[in-house]
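For reference, the chains in residue letters:
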Amino acid sequence: MNKIRLSKSSISQHEKDAVITVLDKEFLGMGDEVNLFEQDLKTYLNTSRSVVCVSTGTSALHLSLSALQISPGDEVLVPSLTYIATYQAISAVGATPISCEIDPLTLFIDHNDARQKITKKTKVIIPVLYASSAKGLEGIYTLAHEFNLRVIEDAAQAFGSLYEDLTAVGTKGDIICFSFDGIKNITSGEGGAIVSSDQNIIDHVKDARLLAVEKDTDNRYTAQRSWDFDVKEQGFRYHMSNIMAAIGRVQLTRINDFKAKRQEIASRYLRGLKAVQAVTCLELNYEQIIPHIFVIKAKRRDNLREYLLSHNIECGIHYKPNHLLTKYQSAEPLPITEAVYESILTLPCHFDLTEEDQSRVIETIKAFYE
Ligand SMILES: *Cc1c(COP(=O)(O)O)cnc(C)c1O
């Protein structure tokens, strides 16, 4: 039996050709191709907002926090159930992540719990668009307006998804961070992007991604370098390269196919697992999102996981809650998050998953419980 992978990139000849074209030009760093990718992303999102491409989703989060001048002593509200990247970005600016509970039906940050955890030190709230869904986000913006907090949406998993009002993720809201790492909805090898309604943030991150050399972006986009320049802020080497952008641009042309396929996979899981009493699917609007991961809550999760592995089916756990890690442990328990963590399992979901392989996943789950 072939191994069924949990996730993977889908690379066609077009991405390979695009990389060769950049290599042939012998201008590999940040230049024209990154500018074009940013314009393409803007066109796709159909927004007047600027899009700033960076090296990873993690650097997008770090740059956003840095642009808001979040620093030691500040607190940032964040769901414990997220990728370690969200937490590392917060501690990178010296701030303290305050772990929040989730809604057990959607696994989205629970705004009531977040409200309880607001103090004088709270500056930012980072809702994570878990499994690509923004369901529940409105409650977070209500809270943010009430307490004058900034919002950074960790939309690493949600490129191409829609908000509940059917506008595209990134086209409204405060600061939105995307990831284009190898297995996300589209990839640029590694990569990320920041979108914001706040032009000050955009101007800041544009420079800060290139060691805070003022206006270096404009020079590089026209194949020039800055020789006489000034630096006033902390900067980083967090820019995107032409090689990455070339991959991303081709991937973006394929997004409608990716979307259709991932939605089809989700609807087949929903139908196929409906009758399995021991399995619960998340209550997400799958027709509005491009599901990066398909997560179930399963009885006897660890046994099911071993069973699937023994049938050559990879699965995952997204994620070990961060408040259980040594660096981020908190005195307060998070009972809902901890209970959810015991039951969640991520099933194979990627563009090249065949209908046959997916049926094998579903039938193997059924066989386990029978
Ligand atoms: C992937 C991911 C990130 C980090 O993105 P990278 O591009 O891998 O740095 C952050 N948060 C979440 C929820 C993610 O899934």
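That block above? That's the structure.
Note that the structure is a prediction, hence the values are computed from the model and not measured. (Residues numbered from 1 in each chain as written. Predicted model: local features only at pLDDT ≥ 70, side-chain atom pairs only at ≥ 80, totals over all residues. Heavy atoms only, no water.)

**Q** Looking at this model, I keep getting lost on helix α11 (residues 301–310). Mind explaining?
**A** Owing to its 3.6 residues per turn, the α-helix aligns residues three or four sequence positions apart on the same side. Within α11 the residues assigned to the buried category are Arg301, Leu304 and Leu308. Along the axis of α11, the buried positions cluster into a sector of 65°, meaning they face one direction only. Facing away from the buried side of α11 by more than 90 degrees, the exposed set consists of Glu306 and Ser310. Along its buried surface, α11 packs onto β9 (294–298), α12 (335–343), β10 (344–347) and α13 (355–369). Asparagine 312 lies just past α11 and shows a positive phi near 65°. (Buried < 20%, exposed > 50% of the residue type's maximum accessible area, 1.4 Å probe, protein only. Helix = DSSP H or I, 4+ residues; strand = E, 2+ residues; numbered from the N terminus. Arc of directions from axis to C-beta. Contact = heavy atoms within 4.5 Å.)

**Q** Sorry if this is basic, but what is going on with the pairing of strand β6 (residues 175–179) here?
**A** When a strand is regular, its side chains alternate between the sheet's two faces. Of all five residues in β6, five are buried; the element is thus mostly enclosed. Across the two faces of β6 the burial is the same, with Ile175, Cys177 and Ser179 and Ile176 and Phe178 all buried. Here strand β5 (residues 150–154) pairs with β6 via three bridges, running parallel. Bridge pairing links aspartate 154 to cysteine 177 in β6. Of the pairings in the sheet, the one linking β6 to strand β7 (residues 192–196) comprises five bridges and is antiparallel in character. In the sheet register, cysteine 177 faces β7, and the bridge partner there is isoleucine 194. (Pairing = 2+ DSSP bridges.)

**Q** What exactly am I supposed to notice about the sheet that holds strand β4 (residues 122–125) here?
**A** Strand pairing in a sheet is mediated by backbone hydrogen bonds. Such pairs are either parallel or antiparallel. One open sheet accounts for seven strands, arranged β1-β7-β6-β5-β4-β2-β3; its pairing is mixed. Taken across any chain shown, the strands that pair with only one partner, and hence form the sheet edges, are β1 (51–54) and β3 (96–100). Each neighbouring strand pair of the sheet contributes to a mean axis angle of 25°, computed without reference to strand direction. Its contacts with the sheet put helix α2 (residues 32–45) on β1, β6 and β7, and the angle it makes with β1 is roughly 130°. (Axes fitted to C-alpha atoms, helices over the stretch in contact; angles between N-to-C directions.)

Take it as geometry only, folks, not as evidence of what the structure does.
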